[in-house]
Amino acid sequence: NAASELSIVRKHSPENAGRELMLDRIFTDSTTGTRWIVDYKTSRPGLDESLAAFLAEQTERYLPQLNIYKEAIASMAGPHMVIQCALYFPAIPYFHAIDSGLMD
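These notes cover the structure that comes with them. Source: prediction; values computed, not measured. (Residues numbered from 1 in each chain as written. Predicted model: local features only at pLDDT ≥ 70, side-chain atom pairs only at ≥ 80, totals over all residues. Heavy atoms only, no water.)

Here we take up the pairing of strand β5 (residues 94-98). Both strand β4 (residues 83-89) and β5 contribute to a ladder of five bridges, which runs antiparallel. Counterpart to F89 in the pairing with β5 is Y94. Linking β4 back to β5 in an antiparallel pair, the connection comprises four residues. (Pairing = 2+ DSSP bridges. Helix = DSSP H or I, 4+ residues; strand = E, 2+ residues; numbered from the N terminus.)

See the structure below:
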């Protein structure tokens, strides 16, 4: 239930029909059953930028992309699958879970 660099073709949305998506990492938490979509980012906070400000900006920037990934996986997984998204910053290192409420 895990894959890296997973390529899927999104067919659900007329405006994005046939669009290939590349998911950096996807896995299922064996304890909770939650399906995680993790997008790796090489960015890091600026010298005078707080972690909170950096994460807020990165979340805003990548939320549309994560929503597309979430919708694509949800269309394949079924209505009862809990799907969470996260950004991972290996340069910091920091795993930033995105509140699923922001994505609905």
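Right, let's get into the environment of T28. Tracing the chain through its elements places T28 in strand β2 (residues 19-28). By relative accessible area, which is 21% here, T28 ends up partly exposed. Measuring from C-alpha to C-alpha, the distance between T28 and A3 comes to 9.8 Å, with 25 residues separating the pair along the chain. For T28, the contacting residues outside a window of four places in its chain are N1, G33, T34 and R35. Of note is the side chain of T28, whose polar atom sits 2.7 Å from the side chain of R35. (Buried < 20%, exposed > 50% of the residue type's maximum accessible area, 1.4 Å probe, protein only. Contact = heavy atoms within 4.5 Å. Polar contact = N/O pair within 3.5 Å; in protein donor to acceptor, adjacent residues only side chain to side chain.)

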